[in-house]
Amino acid sequence: MTAIDVSYRTFKVWQRNRDVFMHMWKAETTWPVFEPLVVLLGLGLGLGRFVELESGQDYIEFITPGVVAAFPMWTSIAEGGWASYNRMSYQKTYDAMIATPVSLDDVITGEVIWAASRGVLSSFYILIVALALTPFWGLVQSPLVVFTLPAAFLAGLMFGSMALLATSFVTSVSQLAYFVSLVIIPMFWVGGVFFPPEELSGTVQTLSWFLPLRHVVNLQRGFVTGDLHPSMVVDGLWIALVTAALYRAVLWSMRRRLIK
Amino acid sequence: MQPDVLIEARGLTKRFGNLTAVDAIDFEVVRGECFGVLGPNGAGKTSTIRMICCVSPVTDGRLRVLGLDPAREARRIKARLGVVPQDDNLDTDLTVLENLRAYARYFDIPKAEAIERAWDVLRLMSLTEKADEKIENLSGGMKRRLTVARALVSRPELLVLDEPTTGIDPQARQLFWQKLRQLKREGMTMLLTTHYMEEAAVLCDRVIIMDGSRIIARGTPAELVRSVIGQHVIEVHFEDGVREAAVEQVRRLADGLRIDETDDVVYVYEAPGAPGRILDLDLDAFERLGAAVVQRRATLEDVFLRLTGRELVE
């Protein structure tokens with residue numbers, strides 16, 4: 001495995017994606033604003049009427065950190081998955097960029113950072129939504145909530161790398177469905193967003209510990225409630241470790257696919 | 001290596017597993033020339049180009065681009081190359097001007113200068129009126145010219161064009177060629193792959209013809225036509241049904257000349273060493289056979305087909 005060849009030019013890849021995004025940010029805003037809003041109100045209030053948590057917490061309060069964690073994940077996955085596949089395969093943007101002094105590692109790194117940036121933007125929108133609802137339901141309980149944004153960036157690097165790794169293996173855009181339905185959707189539903197993972201039965205609970213989303217939810221729960229816990233250090237380390245491994249893997253896999 | 005040799009390939013080889021795409025080829029490209037790489041699909045043209053552009057590692061042999069080794073100095077080489085790829089890979093979500101600006105950024109060209117250069121290359125390629133247009137609103141020919149404009153934004157020392165006019169209409173192609181000739185007059189060195197022989201004939205100073213991963217002929221287009229074909233070619237076109245008899249007759253009448261047969265046409269080329277003889281042929285005799293006869297000047301296309309065969313490569 002050869003050394004990583006990343007330079008400051010990775011930022012130019014990020015800038016290119018930003019330029020494109022500036023043409024469509026309005027349409028791209030509706031999804032991260034309205035979906036979390038609907039989920040918070042629909043599940044939080046609707047389903048919440050039938051839910052009684054051991055902690056005595058309101059259900060809408062319980063799911064808020066999960067929503068802050070999980071919906072930006074979808075944004076980063078969509079960016080590293082469908083959007084990146086489109087750039088790589090149909091628009092041949094990667095080919096155009098690697099014909100310049102930009103290296104493939106710069107391209108992939110820029111794509112990962114871009115996917116993370118989109119995740120941060122989504123979490124920012126969700127934060128606004130949650131703050132707007134806070135006078136009514138007390139969703140945000142601490143000024144530490146601003147740390148959900150850097151946490152979303154770290155999580156975005158992880159989910160972006162994960163999706164790009166899937167992108168590096170598929171040969172059509174529809175094949176991304178394997179990755180999304182077999183990896184992301186199970187993680188979304190059992191990753192601690194909608195119910196406490198402690199409720200899972202023995203083995204499943206042990207296995208679910210390894211789900212990266214679960215640790216992102218834990219971190220965000222700490223920042224949203226202001227109730228910091230030493231286990232958050234473990235959450236952060238696990239996310240960092242998984243991110244490093246996925247990032248290295250995606251560099252290797254994209255070179256395998258594109259440098260022939 | 002002399003400073004004026006911009007590309008030097010010695011025993012250049014590319015293998016994909018067991019498949020040898022480029023088999024120990026030698027050539028050099030000197031400053032100021034337009035150098036053509038011709039060959040049927042699968043001959044190894046694009047693999048050669050990709051190695052020169054530092055996006056595909058050299059398997060074996062020696063390659064120097066602008067005096068540098070692609071394996072070790074890819075970024076420095078790519079900073080001085082202008083690449084026009086086979087497939088359009090413009091940013092369809094950006095406007096024409098934004099495409100050029102984003103591309104200039106990859107070369108560390110500051111914003112103000114990038115804008116200035118963008119207008120320069122748009123003027124050069126007659127695209128100024130399209131500056132704020134979205135890519136999807138451009139015609140095929142405009143997209144190709146914009147791709148050249150984009151490659152020129154970094155003021156490259158060497159322009160590499162991989163089948164640049166595939167899929168565009170004849171008018172657009174003529175304009176495209178005119179632009180490339182203009183660049184050549186201004187001293188731009190160009191490396192061009194194509195399977196349009198007319199393109200090679202109007203643009204290239206020297207060409208190599210590749211087939212089966214090797215170089216099978218090299219020279220100026222005129223030299224190749226003269227040495228491989230001669231000056232004149234006669235095509236004898238048959239109606240269905242008379243082929244057997246007619247081919248027999250042509251063989252007899254054109255005895256000693258070189259002949260290529262296809263299902264419905266027989267090509268008669270000059271005899272080696274006796275260039276005048278083809279002009280003595282009795283064309284009326286062919287026509288009395290019920291054939292349509294065309295006498296014309298030999299072209300690079302004749303050279304290409306004669307050397308690489310008339311069978312379809314797919």
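Remember, predicted model here, so these are calculated numbers, not experimental data. (Residues numbered from 1 in each chain as written. Chains lettered and ligands numbered in written order. Predicted model: local features only at pLDDT ≥ 70, side-chain atom pairs only at ≥ 80, totals over all residues.)

### Here we look at the overall build of chain B
Move 1: Assigned secondary structure in chain B consists of eleven helices and 13 strands.
Move 2: With the C-alpha coordinates aligned to their principal axes, the bounding extent of chain B is approximately 70 × 45 × 35 Å.
Move 3: The burial tally for chain B puts 42% of its 314 residues in the buried class. (Helix = DSSP H or I, 4+ residues; strand = E, 2+ residues; numbered from the N terminus. Buried ≥ 20, exposed ≤ 12 C-beta atoms within 10 Å, placed from the backbone.)

### A few points about the environment of Arg255(A)
Residues and elements named next belong to chain A.
Move 1: Tracing the sequence through the fold places Arg 255 in helix H10 (residues 231-258).
Move 2: Judged by the 18 C-beta atoms lying within 10 Å of it, Arg 255 falls in the partly exposed class.
Move 3: In sequence terms Arg 255 and Pro 230 are 25 residues apart; their C-alpha atoms lie 39 Å from each other.

### Description of the interface of chain A and chain B
Interface size is often expressed as the accessible area that is lost when the parts come together.
Move 1: Chain A puts 21 residues into the contact, and the matching count from chain B is 22 residues.
Move 2: If you list the elements that add at least two residues to the side of chain A that touches chain B, you get helix H1 (10-21) and helix H4 (93-98) of chain A.
Move 3: Its residues placed into classes, the side of chain A that touches chain B shows eight nonpolar, six polar and seven charged. (Contact = placed C-beta atoms within 7 Å. Nonpolar A, V, L, I, M, F, W, Y, C, P; charged D, E, K, R; others polar.)

### Comments concerning the sheet that holds strand E10 (residues 232-237) of chain B
Residues and elements named next belong to chain B.
Move 1: Read across the open sheet, the four strands follow the order E11-E12-E10-E13; overall the sheet is antiparallel. The sheet is open, and its two edges are formed by strand E11 (258-261) and strand E13 (292-297), each paired on a single side. Averaged over all pairs of adjacent strands, the angle between strand axes in this sheet comes to 20 degrees, irrespective of strand direction.
Move 2: The pairing of E10 with E13 spans six bridges and is antiparallel. Within E13, the residue paired with His 237 across the bridge is Ala 292. (Pairing = 2+ DSSP bridges. Axes fitted to C-alpha atoms, helices over the stretch in contact; angles between N-to-C directions.)

### Some details on the nonpolar core
Move 1: Counting 159 residues, the largest nonpolar core has Ala149(B) and Val160(B) as the members making the most contacts within it.
Move 2: Among the elements that take part in this core, helix H3 (residues 59-90) of chain A stands out by supplying 16 residues, more than any other.
Move 3: A domain split of this core shows at least three residues from each of domain 1 (5-225) and domain 2 (231-297) of chain B.
Move 4: In this view, Val160(B) contacts Ile49(B), Ile52(B), Cys53(B), Leu81(B), Gly82(B), Val83(B), Val84(B) and Leu191(B); residues no more than four positions away in its chain are not counted. (Core = buried A, V, L, I, M, F, W, Y, C linked by C-beta atoms within 7 Å. Domains from an automatic or database assignment.)

### Some points on helix H11 (residues 300-308) of chain B
Residue and element names in this part refer to chain B.
Move 1: Taken as a whole, H11 has its buried residues at Leu 300, Asp 302, Val 303, Phe 304 and Thr 308.
Move 2: Turning to H11, the residues buried within the fold contact strand E3 (34-38), helix H7 (197-203), strand E8 (206-211), helix H8 (221-229) and E10.
Move 3: Phi turns positive one or two residues past the end of H11, at Gly 309, with a value near 90 degrees.

### A short note on the environment of Phe223(A)
All names here are of chain A.
Move 1: Structurally, Phe 223 can be placed in helix H9 (residues 212-225).
Move 2: Sequence-wise, Phe 223 and Gly 110 are 113 residues apart; in three dimensions their C-alpha atoms are separated by 28 Å.
Move 3: Beyond its immediate sequence surroundings of up to four residues, Phe 223 is in contact with Leu 144, Val 145, Phe 147, Thr 148 and Ala 151.

### Some thoughts on helix H4 (residues 111-124) of chain B
Move 1: Helix length check: H4(B), at 14 residues, gives a terminal C-alpha distance of 20 Å against a target of 20 Å (1.5 Å per residue), a fit within 8%.
Move 2: Ser126(B), located one to two residues past H4(B), shows a positive phi value of around 55 degrees. (Expected span 1.5 Å × (residues − 1).)

### Side note on the sheet that holds strand E2 (residues 19-30) of chain B
All names here are of chain B.
Move 1: On the basis of which strands lie adjacent, the open sheet formed by three strands has the order E2-E1-E4 and antiparallel pairing. The outermost strands of the open sheet, each flanked by one partner alone, are E2 and strand E4 (60-65). Averaged over all neighbouring strand pairs, the angle between strand axes comes to 15 degrees, with direction disregarded.
Move 2: Sheet topology note: the strand E1 (residues 5-16)/E4 ladder contains five bridges and is antiparallel. Looking at the pairing, Glu 8 lines up with Arg 64 of E4.
Move 3: Set on the sheet, helix H1 (residues 45-52) makes contact with E1, E2 and E4; between it and E1 the angle comes to about 120 degrees.

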